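Working through the structure, step by step
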Amino acid sequence: MAKPQSDTERRKQISVRGIAELDDVNEIKKTFNRHLHYTLVKDRNVATSRDYYFALAHTVKDHLVSRWIRTQQYYYEKDPKRVYYLSLEFYMGRSLQNTMINVGIQTSVDEALYQLGLDIEELEELEEDAGLGNGGLGRLAACFLDSMATLGIPAYGYGIRYEYGIFAQKIVNGEQQEEPDDWLRYGNPWEKARPEYMLPVNFYGNVIDTPQGKKWVNTQVVFALPYDNPIPGYQNNVVNTLRLWSAKSPVDFNLKFFNDGDYIQAVLDRNLAENISRVLYPNDNFFEGKELRLKQEYFMCAATLQDIIRRFKSANFGDREPTRTNFELLPEKVAIQLNDTHPSLAIPELMRVLVDIEGLPWEKAWKITVNTCAYTNHTVLPEALERWPTSMLGSILPRHLEIIYHINFLHLKDVEKKWPGDFDRMRRMSLIEEDGEKRVNMASLSIVGSHAVNGVARIHSEIIKSSLFKDFYELTPEKFQNKTNGITPRRWLLLCNPGLSDLICDKIGEDWIVHLDQLQLIKKWAKDANFQRSVMKVKQENKLRLAQILEKDYGIKVNPASMFDIQVKRIHEYKRQLLNAMHIITLYNRIKKNPSAKFTPRTIMIGGKAAPGYYTAKKIIKLINMVGNVVNNDPIVGDKLKVVYLENYRVTLAEKIIPATDLSEQISTAGTEASGTGNMKFQLNGALTIGTLDGANVEMAEEMGLDNIFIFGMTVDEVEELKRKGYNAYDYYNSNPELKQVVDQIQNGFFTPGNPDEFKDLADILLKYDRFYLLADYEAYIKKQEEVSATYDNQSKWLEMAINNIGSAGKFSSDRAIIDYCKDIWGVKPNYEKLPNPSVPRELALKDN
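Residues numbered from 1 in each chain as written. Predicted model: local features only at pLDDT ≥ 70, side-chain atom pairs only at ≥ 80, totals over all residues. Heavy atoms only, no water.

- The name given to the protein in an unreviewed UniProt entry is Alpha-1,4 glucan phosphorylase, and the organism recorded there is Monochamus alternatus.
- In UniProt, the protein has this text filed under Function (unreviewed entry): "Allosteric enzyme that catalyzes the rate-limiting step in glycogen catabolism, the phosphorolytic cleavage of glycogen to produce glucose-1-phosphate, and plays a central role in maintaining cellular and organismal glucose homeostasis." (UniProt positions renumbered as here; feature names shortened; annotations may be inferred.)

Below is the structure:
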């Protein structure tokens with residue numbers, strides 16, 4: 001089998017996509033050496049590979065800076081409506097290669113590094129992932145930023161600059177261990193600190209009545225220091241901003257500390273305030289009311305709203321501070337999108353600013369707030385919804401709790417007006433839940449305080465209307481919308497799969513990079529033997545490359561001709577990695593029972609992180625690894641079946657795995673996955689999907705047709721019917737001998753002979769406490785997997801389906817999703833005109849924008 005091309009070799013063959021090479025290679029070399037010398041204070045005698053990476057990053061960033069300044073000047077001059085995307089997670093991954101592609105300098109940089117005798121792939125591998133997210137929600141935010149910049153939308157991301165991102169996962173003796181992700185230890189060349197825009201954020205204290213109204217006093221102050229990160233659009237000279245806040249302690253000390261001799265302790269105590277931005281909370285879709293998390297949420301919202309209002313006032317009035325700002329213009333100039341409920345405190349905070357500080361009457365302030373804010377829901381799991389105890393809110397944010405109570409009072413009056421005397425409905429719809437500990441339901445607050453509420457796939461949006469938020473939908477049906485998620489084709493095809501990108505460009509040109517729906521044009525070659533061979537060659541090269549990584553990093557030699565069957569996502573019971581493990585055990589048992597029978601070789605890879613406190617998820621990881629130990633070391637199995645647990649799954653690893661995948665596992669219980677975006681990335685890269693009719697799988701199946709996807713299992717309605725009549729796992733266990741054998745092996749320690757009780761609790765979940773109906777879907781899943789194997793054996797058929805998958809991916813571009821948000825929620829228009837290429841800025845930026 002041919003040796004795969006390196007990334008560098010492939011890049012040499014890729015033309016600069018329709019862009020004349022404006023950047024002189026010699027200029028890049030000169031800039032690189034200048035940064036090595038003046039920025040890093042090194043010469044080539046003492047410089048390390050990491051120094052070279054930083055010199056390269058600064059060189060590439062130089063191409064952004066003029067564009068960045070000019071973009072912000074353009075927004076200041078035009079004063080368009082601005083979009084603010086508030087998210088506690090932005091899972092950005094690496095920036096270097098993405099920036100080179102979007103600015104159009106990749107070929108020049110490749111050549112310059114080659115002439116300098118440096119390996120660009122080696123330098124790219126030294127960049128730390130910006131892992132400021134757990135998974136889908138944070139990665140969606142990153143894709144949306146890319147699309148907003150590419151569409152020329154005046155948009156800003158706002159979040160927290162966590163010192164420690166999502167933990168690094170180590171697998172030791174089959175078990176997950178967490179290590180801190182100190183991603184900033186070498187510094188971050190892409191960010192720019194803006195201490196001149198540091199803002200105060202208040203906590204604790206109490207509320208007093210004054211002649212001017214309510215006043216929040218005696219607070220503890222923490223400062224929010226902004227760090228700006230450039231977000232380049234695709235070859236349109238637009239560079240938007242992601243602003244991340246870092247917590248800083250107040251600089252002043254009470255003089256008494258000097259007198260008491262407690263000066264050292266006073267300095268040390270300052271660190272407590274700075275803990276707010278220290279670490280990202282791992283997400284297991286189970287809400288825990290941690291005080292630090294509440295502080296993080298308010299910290300981000302309070303700093304962001306101050307920034308938004310400063311910019312709004314500045315754009316309207318320049319340096320003149322008017323006697324009264326016309327805040328009724330706010331919804332015409334500002335759109336605030338809440339990415340899940342984490343930023344929902346923006347609603348009471350905006351009310352506090354408008355009423356307490358700006359002196360607006362409540363009714364006017366409420367109308368402005370509702371018309372400015374919109375809310376995206378990301379989960380239907382009730383246990384994942386945020387519900388903050390009123391005792392905690394009252395202590396940390398006393399004024400906000402008062403505001404929430406008043407919002408609830410007026411909201412319940414509206415409910416009573418529509419349904420007089422329906423006290424049960426009023427109880428259900430109250431923002432304050434009073435069964436047990438008194439709590440504020442943040443999803444309900446987000447719905448009441450927003451003019452638009454959207455789910456992230458059509459089936460998910462229907463579920464929130466028909467069950468999760470049914471009462472609210474009946475009160476204000478006009479608020480509810482669907483906005484199916486999408487992914488950026490720049491990172492998830494152009495960057496990660498240049499071989500396939502080149503092949504597509506050769507067939508249909510390059511417009512698909514910003515108009516993904518044009519991929520449908522390649523469907524006409526789905527049955528073309530030559531095109532199929534070209535697609536297969538690219539896939540095989542990607543598989544060979546991944547096989548080399550697996551051998552180097554995991555010491556596992558896999559068969560690149562086998563089917564690469566992959567499930568990568570957070571480990572959670574509803575995502576059903578355990579069902580995948582049961583299929584592996586079934587295949588193993590079949591091989592052992594009849595070693596000479598025909599078998600389609602598979603390499604099954606599972607990757608993902610379990611939240612540190614999620615016992616069951618961590619047990620599932622251990623089971624997969626223990627099953628893998630048995631399978632991989634059984635000489636009878638040989639090359640027919642291999643199991644690999646992909647340690648420390650993250651964006652950078654996804655960029656290598658997804659292009660090499662044959663089969664994508666999207667097997668959540670119908671009605672539990674809001675959308676998924678991994679499913680879209682696999683589809684775009686020519687993998688076939690085995691999945692349930694859940695999340696975006698439903699719309700994927702519609703786009704490509706059921707004959708191009710492997711759908712199995714219960715539908716949402718069938719799951720609900722099973723719930724109603726009662727689910728007895730033993731019915732399935734006793735009626736299917738293969739299933740019984742699998743569960744017994746898990747239960748009796750077959751894979752852990754030294755500890756036969758190791759997985760008894762997993763077997764107990766399967767048989768007694770399973771909310772996700774694995775045994776009910778097992779038989780359908782196994783049968784569909786047999787169909788997968790038979791199809792894979794017919795490579796011409798498989799490749800035809802793969803090409804139809806790629807050609808049907810157009811709907812799932814984040815560009816399309818953002819255009820939908822613009823049209824239906826934000827009231828802004830994309831700007832397809834390219835900004836002028838500023839070799840130097842005309843003048844210094846007029847204002848921070």
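Now that the structure has been shown, the text picks up again.
Focus: the packing of helix H7 (residues 136-150) against helix H34 (residues 814-826)
- Where H7 contacts H34, the axes come no closer than 9 Å and their chain directions differ by 75 degrees. By the angle between their directions, the pair H7 and H34 is classed as roughly perpendicular. Contacts between H7 and H34 involve Cys143, Phe144, Ser147 and Met148 on the former and, on the latter, Ser814, Asp815, Ala817, Ile818, Tyr821 and Trp826.
- Its residues assigned to classes, the contact of H7 with H34 shows seven nonpolar, two polar and one charged. (Axes fitted to C-alpha atoms, helices over the stretch in contact; angles between N-to-C directions. Helix = DSSP H or I, 4+ residues; strand = E, 2+ residues; numbered from the N terminus. Parallel < 35°, antiparallel > 145°, perpendicular 65-115°, else oblique. Contact = heavy atoms within 4.5 Å. Nonpolar A, V, L, I, M, F, W, Y, C, P; charged D, E, K, R; others polar.)

Quick notes on the nonpolar core
- In this structure, Met148, Phe203, Phe299, Trp512 and Trp826 are the most contacted members of the largest nonpolar core, which totals 185 residues.
- Broken down by element, the residue count for this core peaks at 11 residues, all from helix H10 (residues 291-317).
- Looking at which domains feed residues into this core, each of domain 2 (79-93 + 129-179 + 190-386) and domain 3 (556-793) gives three or more.
- Excluding its chain neighbours within four sequence positions, the residues that come into contact with Trp826 are Lys81, Val83, Met148, Ala335, Gln337, Ile818 and Tyr821.
- Judged by nonpolar contacts, the second largest core, of 61 residues, contains Ile571, Tyr574, Leu579 and Leu688. (Core = buried A, V, L, I, M, F, W, Y, C linked by side-chain atoms within 4.5 Å. Buried < 20%, exposed > 50% of the residue type's maximum accessible area, 1.4 Å probe, protein only. Domains from an automatic or database assignment.)

What to know about the pattern of salt bridges
- As enumerated under the stated definition, the model contains 69 salt bridges in all.
- Salt-bridge contacts for Glu349 lead to Arg352; the nearest nitrogen and oxygen are separated by 3.0 Å. Linking Glu349 with Arg352, this pair stays in helix H12 (residues 346-357), spanning three residues, or about one helical turn.
- When its relative accessible area of 1% is taken as the criterion, Glu349 is described as buried.
- Its salt-bridge partner being Asp422, residue Arg425 comes within 3.3 Å of it at the nearest N-O pair.
- For Arg425, a relative accessible area of 11% corresponds to the buried category.
- Taken together, the shared-partner salt bridges in this structure form one network comprising Asp422, Asp424, Arg425, Arg427, Arg428, Lys470, Asp471 and Glu474. (Salt bridge = Lys/Arg side-chain N within 4 Å of Asp/Glu carboxyl O.)

Observations regarding helix H13 (residues 362-372)
- When we look at burial in H13, the residues that qualify are Trp362, Ala365, Trp366, Ile368, Thr369, Val370 and Thr372.
- Check the buried side of H13 and you find it contacts helix H11 (330-333), strand E13 (334-339), H12, strand E14 (373-376), helix H15 (398-418) and helix H17 (442-448).

Examining the side chain of Asn497
- Positionally, Asn497 belongs in the loop between helix H20 (489-495) and helix H21 (498-508).
- Look at Asn497 and you get buried, because its relative accessible area is 1%.
- In this view, Asn497 contacts Val538, Asn542, Pro659 and Asn685; residues no more than four positions away in its chain are not counted.

Re the sheet that holds strand E15 (residues 387-389)
- One open sheet accounts for three strands, arranged E15-E17-E16; its pairing is antiparallel. Two strands lie at the open edges of the sheet, namely E15 and strand E16 (432-433), each paired on one side alone.
- The sheet contact formed by E16 and strand E17 (residues 439-441) spans two bridges and is antiparallel. Its bridge partner being in E17, Ile432 is matched across the sheet by Val440. (Pairing = 2+ DSSP bridges.)

Observations regarding empty space enclosed by the protein
- Throughout the structure, instances matching the rule amount to six cavities of 30 Å³ or more.
- Estimated volume of the largest cavity: approximately 450 Å³.
- Lining of the largest cavity is provided by 35 residues; of these, Met92, Gly93, Arg94, Ser95 and Ala130 occupy positions nearest its centre.
- Partitioning the lining of the largest cavity into residue classes produces 18 nonpolar, nine polar and eight charged. (1 Å grid on protein atoms, 1.4 Å probe; cavity = no way out; pocket = protein on both sides within 12 Å on 5 of 7 lines; lining within 4 Å. Points joined across faces, edges and corners; volume = space filled by probe spheres on them.)

Here's the deal with the sheet that holds strand E21 (residues 602-607)
- Read from one edge of the open sheet, six strands run E22-E21-E20-E23-E24-E25, paired in parallel fashion. Lying at the two open borders of the sheet, with one neighbouring strand each, are strand E22 (641-646) and strand E25 (710-711).
- With six bridges joining them, E21 and E22 adopt parallel strand pairing. The residue bridging Ile606 from the neighbouring strand is Tyr645, located in E22.
- Helix H33 (residues 795-807) rests against strand E23 (663-666), strand E24 (688-691) and E25 of the sheet, and its axis sits at about 85 degrees to E24.

Overview of the confidence of the model for the protein
- Per-residue confidence for the protein gives a mean pLDDT of 93, with 94% of residues at or over 70.
- Across residues 12-20, where pLDDT falls below 50, the model places 24 contacts with residues more than four positions away in sequence or in other chains. (pLDDT = per-residue confidence, 0-100.)

Quick word on the packing of helix H23 (residues 577-593) against helix H30 (residues 737-747)
- In the contact formed by H23 and H30, the axes pass within 10 Å of each other and the chain directions differ by 110 degrees. Overall, the two elements H23 and H30 adopt an arrangement that is roughly perpendicular. Residues Met582, Ile585, Thr586, Asn589 and Arg590 of H23 pack against Glu738, Leu739, Gln741, Val742, Val743, Gln745 and Ile746 of H30.
- In terms of residue class, the contact of H23 with H30 is made up of six nonpolar, four polar and two charged.

Concerning the pairing of strand E9 (residues 206-210)
- In terms of strand pairing, E9 meets strand E10 (residues 213-217) through five bridges, oriented antiparallel. Bridging from a neighbouring strand, Asn206 pairs with Val217 of E10.

Notes on the environment of Val644
- Looking at the secondary structure, you find Val644 in strand E22.
- Accessibility expressed as a relative area gives 1% for Val644, which makes it buried.
- For the pair formed by Val644 and Asp757, sequence separation is 113 residues and the distance between their alpha carbons is 24 Å.

Focus: the domain arrangement of the protein
- When the domains of the protein are assigned, the result is domain 1 (16-77 + 97-127), domain 2 (79-93 + 129-179 + 190-386) and domain 3 (556-793).
- Averaged C-alpha coordinates put domain 2 and domain 3 at centres separated by 38 Å.
- Contact residues are listed per partner, giving 26 residues for domain 2 and 29 residues for domain 3.
- Counting across the interface, domain 2 meets domain 3 through three salt bridges.
- Across the pair Lys618 and Glu178 runs a salt bridge, and its minimum N-O distance is 2.8 Å.

Re the UniProt feature "modified residue: N6-(pyridoxal phosphate)lysine" (unreviewed entry) in the protein
- Following the UniProt record, the feature "modified residue: N6-(pyridoxal phosphate)lysine" (unreviewed entry) maps to Lys681 here.
- With respect to the helices and strands, the residue Lys681 is situated in helix H26 (residues 678-684).
- Here Lys681 is in contact with Arg139, Ile487, Trp492 and Ile658, once residues within four sequence places are set aside.

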